[in-house]
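Summary of the model geometry
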Amino acid sequence: MAVNNTRFRLCFIAMGLTLLAIVLSGITVGPADITWRDTASALLAGIARLLDRIDGLPITEAVSWQDTIIWQVRLPRVLVAVFVGAALATSGAVLQGLFRNPLASSDTLGVSSGASLGGVLAIYLGLTTTTIWALPILAFVGATLSLLLVYSIASERGQAPVATLLLAGIAVGSLNVAASSLVQALALEKWEVGKSIVYWNMGGLDRRTWHHVALIAPLLTIGLLVTLAHCRELDILLAGETQAAAVGVNITKTRLILLAMVSLLIAGSVSVAGGVGFVGLVVPHIVRLATGPHHRHLIPLSALGGALMLAGADWVLRVGWDGNDIPVGIFTAAMGAPFFLWLLYRGRRQLFL
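Given the structure is predicted, the values throughout are model-derived calculations rather than measurements. (Residues numbered from 1 in each chain as written. Predicted model: local features only at pLDDT ≥ 70, side-chain atom pairs only at ≥ 80, totals over all residues. Heavy atoms only, no water.)

1. Things to note about the packing of helix α8 (residues 210–229) against helix α13 (residues 295–320)
The N-to-C vectors of α8 and α13 enclose an angle of 155 degrees; their axes lie 9 Å apart at closest approach. Taken together, the axes of α8 and α13 lie roughly antiparallel to each other. Both α8 and α13 take part in a crossing whose hand is right-handed. Contacts from Leu224, Thr227 and Leu228 of α8 reach α13 at Ile299, Pro300 and Ala303. When the residues that make up the contact of α8 with α13 are grouped by side-chain class, the tally is five nonpolar, one polar and no charged. (Axes fitted to C-alpha atoms, helices over the stretch in contact; angles between N-to-C directions. Helix = DSSP H or I, 4+ residues; strand = E, 2+ residues; numbered from the N terminus. Parallel < 35°, antiparallel > 145°, perpendicular 65-115°, else oblique. Left-handed = near helix turned anticlockwise from the far one by under 90°. Contact = heavy atoms within 4.5 Å. Nonpolar A, V, L, I, M, F, W, Y, C, P; charged D, E, K, R; others polar.)

2. Thoughts on the packing of aromatic side chains
Counted by the stated rule, this structure contains two aromatic pairs. Relative to Phe12, the ring of Phe8 lies with its centre 5.8 Å away and its plane at 45 degrees, an arrangement referred to as tilted. In this pair, Phe8 and Phe12 are both assigned in helix α1 (residues 2–28), four residues apart and thus about one turn of the helix distant. Exposure remark for Phe8: the relative accessible area of 16% places this residue in the buried category. (Phe/Tyr/Trp six-rings, centres within 6.5 Å; stacked < 30°, edge-to-face > 60°. Buried < 20%, exposed > 50% of the residue type's maximum accessible area, 1.4 Å probe, protein only.)

3. Topic: the nonpolar core
In this structure, Leu19, Val84, Leu95, Leu109 and Ile266 are the most contacted members of the largest nonpolar core, which totals 84 residues. Dropping the residues within four chain positions of it, Leu95 is found in contact with Ala104, Ser105, Ser106, Leu109, Leu147, Leu259 and Val262. If you look at the next biggest cluster of nonpolar residues, it comprises eight residues, including Leu103, Leu281, Phe339 and Leu343. (Core = buried A, V, L, I, M, F, W, Y, C linked by side-chain atoms within 4.5 Å.)

4. Some points on the side chain of His297
Along the chain, the position of His297 falls in helix α13. Judged by relative accessible area, His297 falls into the buried class, the value being 2%. With residues up to four places along the chain from it excluded, the contact list for His297 reads Asn4, Asn5 and Phe8.

5. Notes on helix α7 (residues 191–202)
Over its twelve residues, α7 extends 17 Å from the first C-alpha to the last, a length consistent with the 16 Å expected when each residue adds 1.5 Å. Gly203 occupies a position one or two residues after α7 and carries a positive phi of about 80 degrees. (Expected span 1.5 Å × (residues − 1).)

6. A look at the pattern of salt bridges
Inspection of the entire model under this criterion finds three salt bridges. The residue Asp206 makes a salt bridge to Arg207 at a minimum N-O spacing of 2.8 Å. Two residues, Arg318 and Asp314, come together in a salt bridge whose shortest N-O distance is 3.3 Å. In this pair, Arg318 and Asp314 both sit in helix α13, four residues apart, roughly one turn of the helix. Summarising the burial analysis for this pair, Arg318 and Asp314 share the class buried. The structure contains a network of salt bridges with shared partners spanning Arg77, Asp314 and Arg318. (Salt bridge = Lys/Arg side-chain N within 4 Å of Asp/Glu carboxyl O.)

7. Some details on the confidence of the model for the protein chain
The predicted coordinates of low-pLDDT regions are not to be read in fine detail. Scored by pLDDT, the protein chain comes out at a mean of 84, with 90% of its residues at no less than 70. When pLDDT is averaged over each helix and strand of the protein chain, the minimum, 49, is found for helix α15 (residues 348–351) and the maximum, 93, for α8. Below pLDDT 50 for its whole length, residues 349–353 participates in four contacts with residues either more than four positions away or in separate chains. (pLDDT = per-residue confidence, 0-100.)

8. Some words on helix α3 (residues 65–98)
In this model α3 runs 48 Å from its N-terminal to its C-terminal C-alpha over 34 residues, within 8% of the 50 Å that 1.5 Å per residue would give. At Arg74, α3 is deflected by roughly 35 degrees, the largest bend along its length, and proline Pro76 occurs up to four residues later in sequence. For α3, the buried fraction is high: 27 of the 34 residues fall into the buried class. Of the residues flanking the end of α3, it is Arg100, one or two places downstream, whose phi is positive at about 50 degrees. (Bend = angle between axes of the 7 residues up to and from the residue.)

Here is the structure:
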């Protein structure tokens, strides 16, 4: 146990420092040439203004164009990437533990496509112009209904076989994609609405503001706190539901709470970043190989790893394709799909037993 704790601390520190470096580097990347010195000055000046505002002091310092770009354009984008990546990876870790299945994720179980369908309907119906909460609410409803449908189809006596789980997820996901495509086809009559749906489905981080940060941050906080509070139950469930019931775990209550948190995290992620795939599948699996299956280590490291993966992917796209804003969802799918195929290939014998 001491070895695992030491490994966890080392991984946490290393990943945290790497994430901090990517965040700071991401703030400097963009069409406008802003040096590290200007970035540091703008960050310190912004923090000083924030402290003055908290203390009720008058703010007389003029805001430079570097301050505006960093605080209103780049920093919100980077923070949204961090929070969305953390939310997706956390939800993946919870689903894999809950179903005792390393292939379980919001993508393979049709949860992300259900949330995307809710978001597409919100955009198509024009609800996003009335309130900022319309999209996350419908995304949450879509994610929850899809997750409950897949689980009800795949589970038998509390067990969810790999093959049945994947087939149910594929079927429900295909149904969600078909419905989203239908809405998208109808939306093409209104060019701007159709364009918004198409680009939003690709998963992107451009033009993200502090409103998006304010939307995802509390949802991520709630989801993380609740899932961390149920780490013991998740660890016990890994041994089977019979053993969990024998030691006093309320399986039904635990399952409902954790599924609700997964839906909340996915809905928040989809509502601010669109369809970003495979983060919830890849990151928890890698973290589990590195530090073991204990969820008190797995969940925080997965959150850090997801933030690192998505912020890093956004950084690579902005540096490698300067001037061409390629949606980050395309990049994560290109990285995650081969990894998923490798998992299927490695476990192909167990899959069809």
